[in-house]
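# Coordinate inspection notes
What follows is the residue order along each chain.
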Amino acid sequence: MKVHETRSQAHTASEKRKMTRKRKAETKSQDSASPKKAKTEEDNGQEGEESMVDIRVEFEKFCKAIAEHLSIKQMREILEANGQYSSCDDDAVVPRCQDIMFYGPLDNCPICGGMLECSGDRYHCVGDYSEWSSCIYSTREPLRREDTLRFPKSVESTPVSDLIKKHGDPKKNRPPKKYSAPEKPFDGMMISLAGCLTRTHQYWKSKIEKYGGKVNNSVIGVTCLVVSPAERDRGGSSKVAEAVERSIPVVREAWLSDSIEKEQAQPLDAYDIASDIAVEGRGIPLDKMDPSEEALETITAELKVFGKRGVHKDTKMQDEGARILEKDGLLYNCALSVCNQKNQINNFCIMQLIMSPENCLHMYCKKGRIGDSIRADDKLEEWEDVDDAIKEFARLFQELTGNEFESWEREKKIQKKHHKFFPIDVDDGVEVRHGALGLRQLGSSAAHSKLDPMVANFMKVLCSQEIYRYALMELGHDSPEVPIGMLTDLHLKRCEETLLYFVEKVKSVKETGQEAEGVWYDFSQRWFTLMPSIRPFTFRDYTDLAEHAASAYETIRDVNFASRIIQDMSGSTLDDPLFERYKKLGCIVSPLEKESDDYKMIVNYVEKTYEPISVGEMSYGVSVENIFAVEVSSCPSLDDIKKLPNKVLLWCGTRSSNLLRHLQKGFLPSVCSLPVSGYMFGRAVVCSDAAAEAARYGFTAIDRPEGFLVLAVASLGEEVKEFSNPPEDTKALEEKKIGVKGLGRKKTDEKEHFVWKDDIKVPCGRLIPSEHKDSVLEYNEYAVYDPQQVSIKYLVAVKFDKQGVVYDTSEA
C-alpha cells in the first residue's frame, strides 16, 4: 500500500493539472445532467410504487369477491384441480386459493418436487426430503406455472366465473406478486438486558437495533428481559424480581441469537428461565431450561430404562420383581425415536410387555417429547391373554414404525418410513449410568480392595456413575428415558455408517443455498433420530460435525464399552468389585513415585507445554495430582516399540469416560476425516506435543475440575509428511500408513527438546510462535495410521484451577 501511495504522489504538475481539468469537466457534465437523471429515477420509483399499490388494491378486490361467492369446498376443489396443496385447515384454504387464482398456480419445489403452500408472504414446501426428514425449502418468490387454471363445474355458474377465468388465463399477463421489505425479527420490540452476558451489552444493543428493536435500561414496558444464567442462579437480581412481578418474560441470551439466525422472533416461553423460581413453575421441559439448570436436572435424574431387560421405573413394578416378557426367543421391550425439527418433533416411545411375579401380564407404553417426561403420555394395562397382548404389541409397533416387530426383533430388518418412529436397538445388559457405583457406594468401594490404594481410587473414579452422566450431559444425549449407553453393536455400526456416508456426501456436494441446507438438515434428522438428544439442532459446518457427531459418537461408543465392563455394581455381592473390573481390563496400572525421574520429567513436560484454557471469561491452569505408569496388553510393549523408527513421547486428550476402552483396547483411529483439528488427517490416532491441546479434550467442567491426560510413545515411521492445511486425500495416507505432522501456529522450542529411554524424543519446550501463522491448527498434531505403532505409557491425573480468582476470607 505504501508503494502505491508513493507512486500516486509522484505525478508531475502538468499531470495533476490534466487530472484536475478532466475531473472538473466530468463534474460539470454530471451536474448538468443530474437534474434530468434524478427526475427520471424519481419518476421510475414513483411509478413502481404506484404499480405495486394498484396490484394490491386489485388483489384485495379480487379476494373480497372470491370470499363472497365461493365456498370453502369449491376453493378446495380448485386447489385439487390444479395440483396444489389442499390438505390443510379451512382457514388456510382461502388465502391459498386466492393466491393461485390471481397470480397463477405454484410450481413444485425445486429441491424435492413436493407441493408448495402459501403462508403469509412466504411459500414453504410440504414435501419430504427423504424418509428421515421434511423438506425445508422456503421462498418469497416461487416459480409459477404458465398453465390455464382448471375449474370445477360448480364454479362456472357463480357470479365471479368471468373474473376467475380472466385471471386464470396466462395470456392475460398475470401480475407479479410485489413484496414489501421483510420484517426484522425485533421490529416493534423494546428489550432490556441484565447481568454478565457472554457478549457485551453494547454488542447486543447494536444487534437489537440493527434488527429492528430498541434497548431500554428499565424493565417497565419492555417486551422481555434478557439475563445471564448467573442472574437466575442467584435467585434473580432486583431487575429480574421486578420483571417477574410485572409478568414480563425473563429469557436467556439464546433467544437473541436464535431469533437473529432464524430471521424471526422466537417464542419467548421456549427460552423462559424465571418461571421455575416460583414453586408453581417447576417441571418445565429440559429443552426449555437454561443449560446449567438442565445439567443439574439430568445428572441427578434416575435412569428410567437401563437395558433390554430393564422394566421402566415409572411402572413401579421393578421393585416387585417384575420382568420383561420373553417368548419364543423374543424380548418384548422397544425404545423408539423420531426427530423432525421443522415440525417441532423430537419424540421417544417406550413399549414393554411386563410379567409380574404373580404371572399377571401388563402392557406399558410411554410416548412424549424427549426431555419432557412429565407431560408424556403413559399407559399401563393388564392383559389376561398373553397371545392377545403380543398381537396388540406387534400392531402398535407396526403403527408407530411401519415395520413388523418379529422381523425387526429376530433379523433386525427395518426400513425407515416417512414420519414414523425408528427403533433404538438396546442391548441386553445394564447401562453404566444405572449399574456403576452410586454416591452411597463411592466411600466404601476402595476401602477393602486388594489393589494399591491409589489404583483402587483410580478404578473407583472409572467405575462411578458420575463421569458417564457428565459425559452424556455435555453431549446433550442424557435423556433418562433412552438408555443411550447400552446400545447394540449393530446400532452403533448404523450410526457410524450414517456419519461416514454423510461426510463423503457433503464433501462432494456442489449445490449451494437451500439445496445445500437440505442436505445438512436431512443428516441432522437422521442423526438425532438414531442418537436421541434433548437439544437437537441442524448441523451447519465441519466443526459441528466434529464436535457433535464424530466426537459424540466416539464417546457414546466408549460409554457403551464401559457399560459392558462395569455391568451392575448397584447390588454387587462380590468381595472386591473394583479388583474384578480391574482384572477385566487386562492391563497393569501402577502409581509413579513423586521423587522419581520419570515423574519429574512428566511434570516438566506439562508445565512447559500447557497454556490456560478459557471458558467464558475464566481461564484455567492445571496442576498434576498423580501419575500412573500403564502397560496395556493390546498395545505394543516399550521394548517392541523401541524397535520401530522415529519415536516420540506425545500427549493424547481424552474424556475420563473413554479411559476404560483405552486401557483394554488401546487407541482406535478417529472415526472419519474432517478438515478440522483432530480429524483433518483421516482415520488416524492423533496426538500432540502440547499438553494444552490434550487438555482441551481432558477438561471436564467448571464444577468438576479433575481430568486425565494420556502420554503415549508413537512411532512416526521412516517417512513423515508435514502439513499446515488439511490434506486433500487422506485415504492415500491411511493406505500407505505414512506418519504425519500437522504444523500449528505454535510450536515447542526445539532448543529444549531431549531424548528419553535411549532414543525416544521428548518435544518438551516452551510454546513459541511458529512460522506457520496461517495454519488451521493452533498446536502441532501428529497422526499415526497403525494403532500398533502407538503405546500408552502414562496417565496423568490433573486438576484444572481457576486463575486470577481472589477469595474474600473476611467475615461478613
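Let me begin by describing the structure that accompanies this report.

About the cut-offs
- Residues numbered from 1 in each chain as written.
- Predicted model: local features only at pLDDT ≥ 70, side-chain atom pairs only at ≥ 80, totals over all residues.
- Heavy atoms only, no water.
- Salt bridge = Lys/Arg side-chain N within 4 Å of Asp/Glu carboxyl O.
- Helix = DSSP H or I, 4+ residues; strand = E, 2+ residues; numbered from the N terminus.
- Buried < 20%, exposed > 50% of the residue type's maximum accessible area, 1.4 Å probe, protein only.
- Contact = heavy atoms within 4.5 Å.
- Disulfide = S-S within 2.5 Å.
- 1 Å grid on protein atoms, 1.4 Å probe; cavity = no way out; pocket = protein on both sides within 12 Å on 5 of 7 lines; lining within 4 Å.
- Points joined across faces, edges and corners; volume = space filled by probe spheres on them.
- Nonpolar A, V, L, I, M, F, W, Y, C, P; charged D, E, K, R; others polar.
- Expected span 1.5 Å × (residues − 1).
- Core = buried A, V, L, I, M, F, W, Y, C linked by side-chain atoms within 4.5 Å.

## A closer look at the pattern of salt bridges
Should the charged atoms of two oppositely charged side chains come close, the side chains can pair. One pass over the structure, following the stated rule, counts 42 salt bridges. With a closest N to O distance of 2.8 Å, arginine 395 and glutamate 392 form a salt bridge. Here the residue arginine 395 and the residue glutamate 392 both occupy positions in helix α12 (residues 386–401), the gap between them amounting to three residues, near one helical turn. Using a relative accessible area of 42% as the deciding quantity, one classes arginine 395 as partly exposed. Of the charged contacts, one joins glutamate 771 and lysine 747 as a salt bridge, the two residues approaching to 3.3 Å between their closest N and O atoms. In this pair, glutamate 771 sits in the loop between β27 (767–769) and β28 (781–784) while lysine 747 sits in strand β24 (residues 746–748), placing the two residues 24 residues apart along the sequence. The exposed category is assigned to glutamate 771, whose relative accessible area is 57%. Relative accessible area serves as the criterion here: at 22%, lysine 747 is assigned to the partly exposed category.

## Concerning the environment of leucine 330
Within the secondary structure layout, leucine 330 lies in strand β10 (residues 330–331). Take leucine 330: its relative accessible area is 3%, and that puts it in the buried class. For the pair formed by leucine 330 and glutamate 409, sequence separation is 79 residues and the distance between their alpha carbons is 6.7 Å. Those residues within four positions of leucine 330 in sequence are excluded, and the remaining contacts are Leu325, Phe405, Glu406, Glu409 and Arg410.

## Section: the state of the cysteines
As enumerated under the stated definition, the model contains zero disulfides in all. Cysteine 112 takes part in no disulfide bond, and the closest cysteine sulfur, belonging to cysteine 125, lies 3.4 Å away.

## Re empty space enclosed by the protein
Here the structure, examined in full by the defined rule, presents six cavities of 30 Å³ or more. In this structure, the second largest cavity encloses a volume near 50 Å³. The set of elements that each furnish at least two residues to the lining of the second largest cavity consists of α4 (90–103) and β1 (116–119). By residue class, the composition of the lining of the second largest cavity is six nonpolar, one polar and three charged.

## Some details on helix α18 (residues 489–508)
Between its first and last C-alpha atoms α18 spans 29 Å; for 20 residues at 1.5 Å apiece the expected length is 28 Å, and the two agree. Within the span of α18, buried status applies to His491, Leu492, Arg494, Cys495, Glu496, Thr498, Leu499, Phe502, Val503 and Val506. Structurally, α18 contributes buried residues whose contacts are with α13 (405–411), β15 (422–424), α19 (513–530) and α20 (542–566).

## Things to note about unusual backbone geometry
Trans is the common state for peptide bonds, and a negative phi is the common state for residues other than glycine. In this model, glutamine 567 sits at a positive phi of 55 degrees, which is unusual for a non-glycine residue. Mapped onto the elements of the fold, glutamine 567 is located in the loop between α20 and α21 (577–585). For glutamine 567, a relative accessible area of 42% translates into the label partly exposed. A positive phi angle, close to 80 degrees, is found at aspartate 758, a residue other than glycine. Position of aspartate 758 among the secondary structure elements: in the loop between β25 (754–756) and β26 (760–762). The class of aspartate 758 is exposed, set by a relative accessible area of 69%.

## Here we look at the nonpolar core
Counting 122 residues, the largest nonpolar core has Leu499, Trp527, Leu545 and Trp651 as its most contacted members. In terms of residue count, the dominant contributor to this core is α20 (12 residues). Core analysis: the second largest hydrophobic core is formed by 30 residues, Cys97, Leu106, Cys109 and Val155 among them.

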